[in-house]
Amino acid sequence: MAASSQSPDQDLYEASRLAADLVEAIGARHREYERQEGERDWLAATDEPPARYVEMTAWFPDDADEPLGSVG
């Protein structure tokens, strides 16, 4: 049962619109950042990811065409 006076379908629609608005707001801020700073890694001042992040994602395949879970 919906927590509001709306139907569950209307609640889902409203939630999806809020999520879409959030994604658009984040995207707009990112585009503005890139306009001011140029295209580079958004979260790193040196445009290089910190070593701890590289370590966390080292398992991820370098080849973007290689499907996840495949054994090379």
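Here the structure is a predicted model, which is why all the values come from computation and not from measurement.

For the chain, the count of helices and strands is two helices and zero strands. Residues counted as buried form 3% of the 72 residues belonging to the chain. By element, 57% of the accessible surface of the chain is carried by carbon and sulfur atoms, the whole surface being about 6500 Å².

Right, let's talk about helix α1 (residues 8-37) for a bit. Here α1 is 30 residues long and its end C-alpha atoms lie 43 Å apart, about the 44 Å a rise of 1.5 Å per residue gives. Within two residues after α1, Gly 38 carries a phi angle of roughly 90°, on the positive side.

In this section: the pattern of salt bridges. Overall, the coordinates contain three salt bridges when judged by the stated rule. Here Glu 24 makes a salt bridge to Arg 31, at a shortest N to O gap of 2.7 Å. On the basis of relative accessible area, Glu 24 is assigned to the partly exposed category, the value being 46%. Residue classification places Arg 31 among the partly exposed positions, given a relative accessible area of 47%. Between Glu 32 and Arg 35 there is a salt bridge whose closest N-O contact spans 2.6 Å. With Glu 32 and Arg 35 both in helix α1 and three residues apart, the pair spans about one turn of that helix.

Conventions adopted
- Residues numbered from 1 in each chain as written.
- Predicted model: local features only at pLDDT ≥ 70, side-chain atom pairs only at ≥ 80, totals over all residues.
- Heavy atoms only, no water.
- Helix = DSSP H or I, 4+ residues; strand = E, 2+ residues; numbered from the N terminus.
- Buried < 20%, exposed > 50% of the residue type's maximum accessible area, 1.4 Å probe, protein only.
- Areas by Shrake-Rupley, 256 points an atom, 1.4 Å probe, with all protein chains shown as cover.
- Expected span 1.5 Å × (residues − 1).
- Salt bridge = Lys/Arg side-chain N within 4 Å of Asp/Glu carboxyl O.

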